[in-house]
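The residues making up each chain are set out below.
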Amino acid sequence: MDACDVLIVGGGPAGSACAWGLRHSALRVAILDKQKFPRDKVCGGWITPEVLSALEIEASEYAPERLLQPITGFRTGYIGGSPIDTDYKRTVSYGIRRREFDEYLLRRSGARLLEGVALASLQRQNGSWIVNGEIHARVVVGAGGHFCPVAKLTGAKPARENAVVAQEAEFEMDQRQRASCRIRAEIPELYFCADMKGYGWCFRKENFLNIGLGRMDQHRLSEHVAAFVRFLQAAGRITFDVPASLLGHAYLLYGVSERSSVDDGRLLIGDAMGLAYKQSGEGIRPAIESGLLAAQAIAAAQGNYSRDRLRLYESLLQQRFGASGQDWASKAGQHLPSAWVGALGRMLLGSRWFVRDMVINRWFLHAGEPALTRAVQ
Ligand SMILES: Cc1cc2nc3c(=O)[nH]c(=O)nc-3n(C[C@H](O)[C@H](O)[C@H](O)COP(=O)(O)OP(=O)(O)OC[C@H]3O[C@@H](n4cnc5c(N)ncnc54)[C@H](O)[C@@H]3O)c2cc1C
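In this text, all values refer to a predicted model and were calculated from it rather than measured experimentally. (Residues numbered from 1 in each chain as written. Predicted model: local features only at pLDDT ≥ 70, side-chain atom pairs only at ≥ 80, totals over all residues. Heavy atoms only, no water.)

Here we look at empty space enclosed by the protein
In this approach the atoms are scanned with a rolling probe the size of a water molecule, which exposes any empty space left behind.
And then number 1: On inspection of all chains with the given rule, the structure shows 2 cavities of 30 Å³ or more.
And then number 2: There is about 40 Å³ of room inside the largest cavity.
And then number 3: Residue lining of the largest cavity: Phe192, Met196, Trp328, Gly345, Leu348, Leu349, Phe354, Val359 and Trp363, and that is the complete set.
And then number 4: Going through the elements one at a time, α11 (338–348) and α12 (352–364) are the ones with two or more residues in the lining of the largest cavity.
And then number 5: The element that contributes the greatest number of residues to the lining of the largest cavity is α12, accounting for 3 residues.
And then number 6: A per-class count over the lining of the largest cavity returns 8 nonpolar, 1 polar and no charged.
And then number 7: In this model, the second largest cavity occupies a volume close to 30 Å³.
And then number 8: Looking at which element gives the most residues to the lining of the second largest cavity, the answer is helix α1 (residues 13–21), with 3 residues.
And then number 9: Grouping the constituent residues of the lining of the second largest cavity by class yields 4 nonpolar, 1 polar and 1 charged. (1 Å grid on protein atoms, 1.4 Å probe; cavity = no way out; pocket = protein on both sides within 12 Å on 5 of 7 lines; lining within 4 Å. Points joined across faces, edges and corners; volume = space filled by probe spheres on them. Helix = DSSP H or I, 4+ residues; strand = E, 2+ residues; numbered from the N terminus. Nonpolar A, V, L, I, M, F, W, Y, C, P; charged D, E, K, R; others polar.)

What follows is the structure, given as structure tokens:
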């Protein structure tokens with residue numbers, strides 16, 4: 001039977017980061033993914049510099065062969081309203097393409113790669129796992145995204161969870177579209193829904209355009225997306241239609257998930273655990289950080305992978321991401337009629353101070369929260 005110490009199910013940012021975090025351990029680490037890389041992933045592809053720092057990636061090392069779009073500011077408003085520009089005049093974020101980024105992380109992770117192999121079964125036997133009836137593993141890390149099979153096989157019920165739902169299209173613009181597109185690559189545009197239950201984005205990354213919208217309310221998502229595209233067209237930001245093939249996905253914000261992060265011989269990381277930042281929905285940074293924290297807990301367990309030993313991961317997650325709780329609009333919605341919450345949000349989005357200090361600095365950039373480098377861990 002094939003054997004490894006740590007089997008990571010899912011080769012997205014969370015899984016690759018966990019393997020990378022274990023690269024100097026003597027443990028035999030393998031990543032299993034149902035897809036062969038490069039593969040597409042439904043995502044806006046916006047990352048903060050702290051993502052690169054945590055994984056010790058130099059922009060100059062990543063960029064020459066891959067798209068790395070510097071972002072120096074944001075245009076922010078609500079759908080139907082007048083936007084505000086916040087310009088930092090320095091790089092505060094990047095745009096990446098997930099098919100390039102995820103493959104890069106996977107190949108540099110140092111793990112043995114089992115691509116194009118889906119997790120079909122997981123059995124517990126004598127304190128270890130038998131995966132797909134043929135791989136023996138001492139620890140299994142669930143990194144398979146929101147619908148992670150490890151999470152499901154160990155109790156998660158995605159259909160009953162209160163997930164964010166989102167749709168997105170990323171496409172290469174032709175010459176005519178490039179010439180008429182008013183979205184500036186270094187200033188992505190974010191527009192909140194009038195009821196503050198989600199937001200739409202329009203990111204230009206060199207010749208690619210990524211348009212999408214995510215909401216905490218699962219009803220009539222396609223109608224909200226269509227209204228957002230009409231708004232962008234009416235405002236002259238784009239003059240063409242978005243390809244019909246918008247792709248959808250779901251994921252949990254931190255604090256909503258009731259999944260348990262650890263059990264005997266098992267940890268959940270990234271979207272499998274439901275860790276995306278609650279205000280921005282950014283999920284790549286928490287996915288990577290949770291992968292690194294899981295690696296730290298696995299290494300510290302020194303071969304004893306009981307739930308009690310792995311609970312270090314649970315406390316590291318809590319230290320890093322804080323107490324769970326709702327986003328501001330959901331919290332406000334418990335005390336105020338929803339029309340008031342929408343009106344309050346629209347009013348605040350007209351304040352330059354609120355947009356810069358609260359929306360962009362605090363909610364989107366997490367300014368002041370240093371990268372999870374080894375010094376911080
Ligand atoms: C529309 C949309 C836009 C988003 N935009 C952004 C953004 O701009 N910035 C940001 O930071 N976050 C964004 N997010 C969130 C972000 O995409 C996720 O939080 C992030 O991808 C989580 O990484 P992960 O490694 O946990 O999971 P994933 O990236 O989902 O990787 C999971 C992997 O597991 C594999 N897998 C699944 N099932 C199996 C199986 N049965 N067997 C084997 N392998 C399996 C998959 O093939 C996949 O490769 C967005 C999400 C959506 C839906």
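Observations concerning the site of the ligand
And then number 1: Around the ligand sit 37 residues, and of these Asp33, Gly44, Trp46, Leu119 and Asp271 come closest.
And then number 2: Contact between the ligand and Trp46: a nitrogen atom at 2.9 Å from a main-chain N or O atom of the residue.
And then number 3: Protein coverage of the free-state accessible area of the ligand, which is 1,000 Å², stands at 94%.
And then number 4: Those elements giving two or more residues to the shell around the ligand turn out to be α1, β2 (29–33), β12 (164–172), β16 (247–251) and α8 (284–300).
And then number 5: Across the shell around the ligand, the residue classes tally to 18 nonpolar, 11 polar and 8 charged. (Near = heavy atom within 4 Å. Polar contact = N/O pair within 3.5 Å; in protein donor to acceptor, adjacent residues only side chain to side chain. Areas by Shrake-Rupley, 256 points an atom, 1.4 Å probe, with all protein chains shown as cover.)

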